[in-house]
Amino acid sequence: MSVPFSGALRRSGGIVSAIGKQLKSVNLKGVKRITVQFDPFAENVKSTREFLFLLSTPKVAATNPKCVVKPEIVCDRQPANIKFALIDSAQEQAKVKEIRFNSDNLNTLELLQLCNKHVSSLAPPEEVTNKVLTKAEKQKLAGGASGGKKAIKKK
């Protein structure tokens, strides 16, 4: 008598793949300005610095080119924090002017999850633009094969 298999067929990708997955869903369209304030000599600052690096990657920056990412490096032993100043429509939706994370005891993955939960959800919906149709698509919409190469000629 054998024991039936239970569990995953393969191992998870780990923390790096989880960070990559969260990074793909970051959307900064609802943000005007991001201020990352940290003390470089503090103990728990590595995750905040990594989060600052991930926010400045080209794919994340392309979600809102008008968004300003500003690091503030201080030496006053304050805990690290991240402020997201929201655009007007996101302020009305969330009923707050800014979102602030105290990132002192959070790791990079948790910061990205919080950003997706609270900031990316406030992004305004994308406007649908008119799709450019090719000749073949226009002919299909107009009523089938009229005048194309494959049209059957009657004699």
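Rules used throughout
Residues numbered from 1 in each chain as written. Predicted model: local features only at pLDDT ≥ 70, side-chain atom pairs only at ≥ 80, totals over all residues. Heavy atoms only, no water. UniProt positions renumbered as here; feature names shortened; annotations may be inferred. Helix = DSSP H or I, 4+ residues; strand = E, 2+ residues; numbered from the N terminus. Rg over C-alpha atoms; globule rule 2.2 N^0.38 Å. Buried < 20%, exposed > 50% of the residue type's maximum accessible area, 1.4 Å probe, protein only. Phe/Tyr/Trp six-rings, centres within 6.5 Å; stacked < 30°, edge-to-face > 60°. Core = buried A, V, L, I, M, F, W, Y, C linked by side-chain atoms within 4.5 Å. Contact = heavy atoms within 4.5 Å. Salt bridge = Lys/Arg side-chain N within 4 Å of Asp/Glu carboxyl O. Axes fitted to C-alpha atoms, helices over the stretch in contact; angles between N-to-C directions. Parallel < 35°, antiparallel > 145°, perpendicular 65-115°, else oblique. Left-handed = near helix turned anticlockwise from the far one by under 90°.

- The name an unreviewed UniProt entry gives the protein is Large ribosomal subunit protein mL53, with Drosophila sechellia as the organism.
- Its UniProt record, at the heading Subcellular location (unreviewed entry), says of the protein: "Mitochondrion".
- UniProt lists a comment for the protein under the heading Sequence similarities (unreviewed entry), and it reads "Belongs to the mitochondrion-specific ribosomal protein mL53 family."

## What about the overall build of the protein?
Then, number 1: Tallying secondary structure elements over the protein gives six helices and four strands in all.
Then, number 2: Starting at the N terminus and walking to the C terminus, you meet the elements of the protein as α-β-α-α-β-β-α-β-α-α.
Then, number 3: Relative to the 2.2 N^0.38 estimate, which gives 15 Å for 155 residues, the radius of gyration of the protein is 24 Å and therefore markedly larger than a compact globule would have.
Then, number 4: The principal-axis extent of the C-alpha atoms belonging to the protein is close to 90 × 65 × 30 Å.
Then, number 5: The buried share among the 155 residues of the protein stands at 29%.

## Side note on the packing of aromatic side chains
Then, number 1: Per the counting criterion, the structure on display carries one aromatic pair.
Then, number 2: Ring geometry for Phe84 and Phe101: centres 5.4 Å apart, planes at 65°, overall edge-to-face. One end of the pair, Phe84, is in strand 3 (residues 81–86); the other, Phe101, is in strand 4 (residues 98–102), and 17 residues separate them in sequence. In terms of burial, Phe84 and Phe101 fall into one category: buried.

## With respect to unusual backbone geometry
Then, number 1: At Arg77, a position not held by glycine, the phi torsion is positive, near 60°.
Then, number 2: For Arg77, the location among the structural elements is in the loop between strand 2 (68–73) and strand 3.
Then, number 3: If you check the backbone angles, Lys95 has positive phi at about 60° while not being a glycine.
Then, number 4: Here Lys95 is to be found in the loop between helix 4 (88–94) and strand 4.

## What to know about helix 6 (residues 135–142)
Then, number 1: In terms of burial, helix 6 is largely open, as just zero of its eight residues are buried.
Then, number 2: Once helix 6 ends, the next one or two residues include Gly143, with phi positive near 135°.

## Details of the nonpolar core
Then, number 1: If you look at the biggest cluster of nonpolar residues, it comprises 27 residues, and the most contacted ones within it are Val31, Ile34, Phe51, Ile82 and Phe84.
Then, number 2: The set of elements that each furnish at least two residues to this core consists of strand 1 (31–38), helix 2 (46–55), strand 3, strand 4 and helix 5 (108–118).
Then, number 3: In contact with Phe84, not counting residues within four places along its chain, are Val31, Arg33, Ile34, Phe51, Lys97, Glu98, Ile99, Phe101, Cys115 and Val119.

## What to know about the pattern of salt bridges
Then, number 1: Under the defined criterion, the tally for this structure stands at three salt bridges.
Then, number 2: As a salt-bridge pair, Asp39 and Arg77 come within 3.9 Å of each other at their nearest N and O atoms. In this pair, Asp39 sits in the loop between strand 1 and helix 2 while Arg77 sits in the loop between strand 2 and strand 3, placing the two residues 38 residues apart along the sequence.
Then, number 3: The shortest N-O distance in the salt bridge between Glu72 and Lys70 comes to 3.9 Å.

## Focus on the packing of helix 2 against helix 5
Then, number 1: The interhelical angle for the contact between helix 2 and helix 5, taken along N-to-C directions, is 50°, at an axis separation of 8 Å. Comparing the axis directions of helix 2 and helix 5 gives the class oblique. When you trace helix 2 past helix 5, the crossing you get is right-handed. Packed against helix 2, whose contacting residues are Ser47, Thr48, Glu50, Phe51 and Leu54, the element helix 5 presents Thr108, Leu111, Leu112 and Cys115 at the interface.

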